[in-house]
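Next come the chains, spelled out residue by residue.
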Amino acid sequence: MSAPGKMLGEILGHVFKKADTTLYPFEKPEMPANFRGRIKFIAEKCIGCKICMKVCPAYAIDIKTIGEKKYQCDIWLDRCIFCAQCVESCPKDALDNSSEYELAALDKKSLFTEQK
Ligand code: SF4
Ligand code: SF4
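Counting restarts for each chain, with residues numbered from 1 along the sequence as it is written. A letter from A marks each chain and a number from 1 marks each ligand, given out in the order of writing. In keeping with the model being predicted, local features are shown solely for residues with a pLDDT of at least 70 and side-chain atom pairs are shown and tallied solely at 80 or more, while totals for entire chains, interfaces and linings include all residues.

Enquirer: Would you explain the overall build of the protein chain in this entry?
Expert: Counting its secondary structure elements, the protein chain contains three helices and five strands. Moving toward the C terminus, one meets the helices and strands of the protein chain in the order α-β-α-β-β-α-β-β. Here the globule rule is a power law, 2.2 Å times the number of residues to the power 0.38, and the radius of gyration is based on C-alpha atoms. Taken against the 2.2 N^0.38 rule, which gives 13 Å for 116 residues, the C-alpha radius of gyration of the protein chain at 22 Å runs more than 25% over that of a compact globule. Taken along the three principal axes of its C-alpha coordinates, the protein chain extends 80 × 30 × 25 Å. Long-range pairs, those at least 24 residues apart, make up 67% of the contacts in the protein chain between residues at least 6 apart in sequence. For helices the rule is a DSSP run of H or I covering at least 4 residues; for strands it is a run of E covering at least 2, with both sets numbered from the N terminus onward. By definition, residue pairs are in contact when their C-beta atoms, positioned from the backbone, come within 7 Å.

Enquirer: Mind showing me how you'd approach the site of ligand 2 here?
Expert: Should the C-beta atom of a residue, placed from the backbone, lie within 6 Å of a molecule or strand, that residue is near it. Among the 14 residues in the neighbourhood of ligand 2, the closest are listed as Cys56, Cys80, Cys83, Gln85 and Cys86. Each residue gets one label: Ala, Val, Leu, Ile, Met, Phe, Trp, Tyr, Cys and Pro are nonpolar, Asp, Glu, Lys and Arg are charged, and the others, such as Gly, are polar. Split by residue class, the shell around ligand 2 holds 13 nonpolar, one polar and no charged.

Enquirer: Sorry if this is basic, but what is going on with the sheet that holds strand E5 (residues 112-115) here?
Expert: Two orientations exist for strands paired in a sheet by backbone hydrogen bonds: parallel and antiparallel. Pairing between two strands requires that DSSP report at least two bridges joining them. A sheet is described by the order of its strands in space; here three strands give the open sequence E2-E3-E5, paired in antiparallel fashion. At either margin of the open sheet sits one strand with a lone partner, and together these are strand E2 (61-67) and E5. Averaged over all adjacent pairs, the angle separating strand axes in this sheet is 20°, with direction ignored. Here four bridges tie strand E3 (residues 70-76) to E5, and the two strands are oriented antiparallel to one another. Structural elements are reduced to axes, namely lines fitted to C-alpha atoms, with helices fitted over the stretch in contact, and the angle between N-to-C directions of any two is expressed from 0 to 180 degrees.

Enquirer: Just checking my understanding: could you explain unusual backbone geometry for this structure?
Expert: Negative phi is the rule for most residues except glycine; trans is the rule for most peptide bonds. Residues tyrosine 24 and proline 25 are joined by a peptide bond in cis, for which omega reads 10°. Mapping proline 25 onto the fold places it in the loop between helix H1 (3-15) and strand E1 (39-41). Although it is not a glycine, lysine 50 adopts a positive phi angle of roughly 65°. In this structure, lysine 50 sits in the loop between E1 and helix H2 (51-55). Any residue surrounded by 20 or more other C-beta atoms within 10 Å of its C-beta is treated as buried, while 12 or fewer makes it exposed and the intermediate range makes it partly exposed; C-beta atoms here are placed from the backbone. The partly exposed category is assigned to lysine 50, around which 15 C-beta atoms lie within 10 Å. Notably, lysine 69 is not glycine yet its phi reads approximately 55°, a positive angle. Mapped onto the elements of the fold, lysine 69 is located in the loop between E2 and E3.

Dropping the structure here:
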């Protein structure tokens with residue numbers, strides 16, 4: 001096939017092909033089940049052992065006692081590298097990966113989160 005004919009074939013082929021790109025941010029992709037997004041704290045399950053703090057390579061998580069057997073989880077998202085070491089190491093499943101991924105912010109203070 002001549003070069004222009006080949007090119008025309010390619011163009012027509014792409015016109016009827018489903019696009020490989022997505023319309024993000026207008027269409028949000030669904031994250032896979034094991035996606036590591038924003039860390040979620042389930043306060044009722046926490047026993048305050050602080051293993052999560054010890055294993056965090058980025059010093060991004062802090063557990064505070066706020067009452068009798070009540071704990072607060074502080075996370076610095078600007079330090080977190082989403083390695084999920086804290087989630088894997090928690091003996092009570094009190095931490096989980098969420099599918100939340102749109103975490104960019106202009107204000108650094110908003111990247112500090114307290115969960116109780
Ligand atoms: S490892 Fe789990 S149970 Fe222990 S302090 Fe951290 S979140 Fe709480
Ligand atoms: S995901 Fe990794 S970096 Fe982020 S808080 Fe947990 S252990 Fe630390």
